[in-house]
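Single-letter residue listing:
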Amino acid sequence: MKRKLVAAIGIAGMMVSIAACGDSDGKSGGSDAKELTVWLTVDAQNNWPALVKAADDAVIKKHPGLKIKHEYYGWPDKNTKLDAVLATDKAPDVVEMGNSEMLGYMVKGAFAPVDAAKFDNSAQWLDGLKTSVTYEGKTYGVPYYAGGRVATWRKDVAAAAGVKATPTTYKELTAALDKIQKKEGDKFNAWYQPTRDWYAAMSFVYDAGGSIAKEEGGQWKANLSSAESLKGLTAFKKVIDDYMHGDKTKDESDRYIVYGQGKSGMIFGAAWEGATSADPKNDKTGKLKDNLESFVMPGPSGKSIPVFLGGSDLAVPVKSTKQDLAAEWINALTGPQGQKGLMAKGNLPNNKTDLATLKKDPATEVPATAAESNWFVPMAPGWGQVEKAQILQTMLQEIGTGKKSVEAAAKDADTAIDKVINTK
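Remember, it's a predicted structure, so these values are computed and weren't measured experimentally.

Asks: Just to check I follow, could you spell out the overall build of the protein chain for this structure?
Replies: A count of helical and extended segments in the protein chain gives 18 helices and 15 strands. For a compact globule of 424 residues, the expected C-alpha radius of gyration is about 22 Å, and the protein chain comes in at 22 Å, within 12% of that figure. Taking the principal axes of the C-alpha coordinates as reference, the protein chain spans close to 70 × 45 × 35 Å. Buried positions account for 55% of the 424 residues belonging to the protein chain. Relative to all contacts within the protein chain whose residues are 6 or more apart in sequence, the contacts with residues 24 or more apart total 76%. Summing over all exposed atoms, the protein chain offers an accessible surface of approximately 17700 Å²; the carbon and sulfur share of this is 52%. Taking the average location of the 54 positive side-chain charges in the protein chain and that of its 52 negative ones, the two points are 3 Å from each other.

Right, dumping it as structure tokens:
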């Protein structure tokens, strides 16, 4: 994904053109297989082609004569094109998916199950990424890399308000933001937090011990009206009330652009957003490059707030005739050497062991530490319908604008979720 799309999940896009994959070896994908077809995003093509070649070389060394064909795609139109190819006998052998895209395809049976034990570091996969490839107790993909979320604020704005230290607790954070808001006035957003940003809001919910939904006896039931979830939603509303003085009907899609306009002190979002705001074409103040500081977002619970992990997974379409060979290639790309290369390119790894090494480097300590505490969406068959209906965004806008109380909005959202969350 583009740097700004690494943590943006639920994005899609793929090329249709692809060669037939049939061979006499069937799904075993043995040494007599002639060609393996791999679909990846243009991010791999543009940012780490050497890693892809290394994976190719490793597999070809074991299977002399094998040809590996790569198709590269952008994100915006992938799912429609992938769906069209999966309906034919020309499915690719490996396909890259945004991790939040996996569920819908797993529910439909589009991907072949894989043996997680055959993949390096699988015992240490990050919890949120492991969840994204797991459905009804089976594994249908392999985590590729991750992107997390951090808090980023302006040191110059904080200093002007008399704030001398980076906050490490939520109490310190809100005290600092109170000073900034008082100093800058009501036309300034001490914390620019788009109301419809459900990734941030649900971080507050999970921090308070709540959840979007829970599985009970094989059925999923919405859980936003629980005492814990309401506590998290109430804390999120206070952020909106106290520090967000902009349009309270906005989502987070252009947050980095708004932040670059210079009327906000802090954001909590994907790790790429701060740096992108400071890009000269986005920074309307000319001050962001030297004044931004990222830190692990503290939660009201007293711990680091759980963050949504975005990223990519690699899956094997069930129609692939070379499933074992495809799994070998995936392991070659996502194994220890591949993870080392991906981290060098600014990505978070797929596993806890490598993540721990990033914590030791000051340049990567913040995003790595933030990613340790993470959450993922409910792996329910109807979750895609919940997202499509924008139930969470509607609830948050009603809360943020004061149209409904926290309790009423959460109750209505639970009712709407329960209608679709168990529907395939």
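There is more to say, and it comes next.
Asks: What is the right way to read the packing of aromatic side chains from this model?
Replies: Each aromatic ring pair is summarised here by two numbers: the centre-to-centre distance and the angle between the ring planes. What the rule picks out here adds up to 17 aromatic pairs. Their ring planes at 70° and their centres at 5.5 Å tell us that W153 and F295 sit as a pair that is edge-to-face. On the criterion of sequence distance, the pair formed by W153 in strand β7 (residues 149-154) and F295 in strand β12 (residues 292-295) is long-range, its members being 142 residues apart. Taking relative accessible area as the criterion, W153 reaches 3% and is therefore assigned buried. Pairing W198 with W383 gives two aromatic rings, centres 6.1 Å apart and planes at 55°, and the pair type is tilted. In this pair, W198 is assigned in helix α8 (residues 198-207) and W383 in helix α16 (residues 383-388), connecting sequence segments 185 residues apart. Residue W198 is classed as buried on the basis of its relative accessible area, which comes to 4%. Overall, W383 belongs to the buried group, its relative accessible area being 2%. These aromatic residues form a ring-pair network of at least three members: W198, Y199, Y206, F308, W375, F376 and W383. Over the ring of Y105 we find K108, and its NZ or CZ is 5.9 Å from the ring centre. A cation over an aromatic ring shows up here: R149 above the ring of Y199, its NZ or CZ 4.7 Å from the ring centre.

Asks: Looking at this structure, how should I read the pattern of salt bridges?
Replies: Between side chains of opposite charge, pairing is possible as soon as their charged atoms come close. Going through the model one piece at a time under the given rule, you end up with 15 salt bridges. Residue D241 pairs with K237 through a salt bridge whose shortest N-O separation is 3.3 Å. Note that D241 and K237 are positioned in helix α9 (residues 227-243) at a spacing of four residues, about one turn of the helix. On the accessibility criterion, D241 (34% relative accessible area) is partly exposed. A residue is classified by how much of its surface remains accessible, and K237, at 22% relative accessible area, is partly exposed. K281 is the partner of D279 in a salt bridge, and the nearest nitrogen-oxygen pair spans 3.2 Å. Beyond isolated ion pairs, a larger network of salt bridges with shared partners links D197, R255 and E273.

Asks: What's the story with the sheet that holds strand β1 (residues 35-41) in this structure? I'm lost.
Replies: Pairing between the strands of a sheet is mediated by backbone hydrogen bonds and can be parallel or antiparallel. The five strands lie next to each other as β2-β1-β3-β14-β6, forming an open sheet whose pairing is mixed. The open sheet is flanked by β2 (67-73) and β6 (142-147), the only strands paired with a single partner. The average undirected angle you get between the axes of adjacent strands in this sheet is 20°. Two strands pair when backbone bridges link them, and β1 and strand β3 (residues 94-98) are joined in this way by two bridges, in the parallel orientation. By the bridge assignment for β3, V38 is matched with V94. Contacting β1, β2 and β3, helix α3 (residues 78-86) crosses the sheet at an angle of about 150° to β3.

Asks: Got a minute to help me understand the packing of helix α17 (residues 391-401) against helix α18 (residues 406-420) in this structure?
Replies: To describe two helices that pack against each other, one gives the angle between their axes and the distance between the axes. Direction vectors running N to C along α17 and α18 enclose 165°, while the axes themselves pass 9 Å from each other. Comparing their axes, α18 and α17 come out roughly antiparallel. When you trace α17 past α18, the crossing you get is right-handed. Judged by residue contacts, I391, L392, M395, E398 and I399 of α17 engage V406, A409, A410, A413, A416 and I417 from α18.

What counts, and where the lines are drawn
- Residues numbered from 1 in each chain as written.
- Predicted model: local features only at pLDDT ≥ 70, side-chain atom pairs only at ≥ 80, totals over all residues.
- Heavy atoms only, no water.
- Helix = DSSP H or I, 4+ residues; strand = E, 2+ residues; numbered from the N terminus.
- Rg over C-alpha atoms; globule rule 2.2 N^0.38 Å.
- Buried < 20%, exposed > 50% of the residue type's maximum accessible area, 1.4 Å probe, protein only.
- Contact = heavy atoms within 4.5 Å.
- Areas by Shrake-Rupley, 256 points an atom, 1.4 Å probe, with all protein chains shown as cover.
- Lys, Arg positive; Asp, Glu negative; His and termini not counted.
- Charge placed at Lys NZ, Arg CZ, Asp CG, Glu CD.
- Phe/Tyr/Trp six-rings, centres within 6.5 Å; stacked < 30°, edge-to-face > 60°.
- Lys NZ or Arg CZ within 6 Å of the ring centre and 35° of its normal.
- Salt bridge = Lys/Arg side-chain N within 4 Å of Asp/Glu carboxyl O.
- Pairing = 2+ DSSP bridges.
- Axes fitted to C-alpha atoms, helices over the stretch in contact; angles between N-to-C directions.
- Parallel < 35°, antiparallel > 145°, perpendicular 65-115°, else oblique.
- Left-handed = near helix turned anticlockwise from the far one by under 90°.

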